[in-house]
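Examining the three-dimensional arrangement
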Amino acid sequence: PRFATAPSEATGAVPTAFHAAMGQLVAQQLAQVHPAATVALVSPHTSRCTMTPTVAIHLFAALGALLLGPVAIWARRGTRIRPMLHRAAGYAWVTLMLTTAGSALFIRDHVLPNVAGYTFIHLLIPLTFGGLFVAFRYLMQGNTDGHRKAMQAMYWQACVGAGVFTLLPSRYLGKLVWGQWLGWL
């Protein structure tokens, strides 16, 4: 991928040599998984895109949480309950959600309507931290029903809902998937 010398839209900073090296490493890893993929953050100066390490961390943590959430939910369903699998998948999912929300604090978009670079989707950051707090408070109080409802709501809202929103053609991931990977835009 090419790296712009102009300030990045996502961070407002000029990518350093470290950012360039990390971006190239992420691009190589992604290209192994999906050969047609070009790692991207659309720049007004070029049709090609670059991905900062912060965006890469955010993207991979969010995708991991999206895929791991059903495992944690499934482990407590049905006639055969798997508490060890539920706990392991749950802790991993919480770690991925904290990573996703934490990294989102450093991702800014000055193109879409925003306040200091934070767009509407950034409202999920405090909702994620608050939802995790409430879910674990329920668990500490022995309210497993409240814990289950809080975690499932957070999965559907912060993982699935946000995932659908980010696939809109005007968003970064939408441009990457629909434009560069599939060539539909």
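Residues numbered from 1 in each chain as written. Predicted model: local features only at pLDDT ≥ 70, side-chain atom pairs only at ≥ 80, totals over all residues. Heavy atoms only, no water.

Some words on the pattern of salt bridges
Under the defined criterion, the tally for this structure stands at 2 salt bridges. Among the salt bridges present, the one from Asp145 reaches Arg148, with a minimum N-O distance of 2.2 Å. With Asp145 and Arg148 both in helix α5 (residues 144-166) and 3 residues apart, the pair spans about one turn of that helix. The exposure class assigned to Asp145 is partly exposed, which follows from its relative accessible area of 35%. Asp145 is paired through a salt bridge with Lys149; the nearest N and O atoms lie 3.3 Å apart. (Salt bridge = Lys/Arg side-chain N within 4 Å of Asp/Glu carboxyl O. Helix = DSSP H or I, 4+ residues; strand = E, 2+ residues; numbered from the N terminus. Buried < 20%, exposed > 50% of the residue type's maximum accessible area, 1.4 Å probe, protein only.)

Considerations on the confidence of the model for the protein chain
Confidence in the prediction for the protein chain averages 80 pLDDT; 72% of positions are at 70 or higher. Taken together, the stretch residues 1-15 has pLDDT below 50 and engages in 41 contacts with residues farther than four places along the chain or on a different chain. With pLDDT under 50 throughout, residues 34-47 is counted as low confidence; its partners more than four residues away or in other chains account for 43 contacts. (pLDDT = per-residue confidence, 0-100. Contact = heavy atoms within 4.5 Å.)

Some remarks on a nonpolar patch on the surface
There is a patch of nonpolar side chains on the surface, built from Leu98, Leu105, Phe106 and Phe129 and spanning about 370 Å² of accessible area. Positionally, Leu98 belongs in helix α3 (residues 83-104). Using a relative accessible area of 39% as the deciding quantity, one classes Leu98 as partly exposed. (Patch = residues over 30% accessible without salt bridge, like charges linked within 9 Å, V, L, I, M, F, W, Y side chains within 5 Å. Areas by Shrake-Rupley, 256 points an atom, 1.4 Å probe, with all protein chains shown as cover.)

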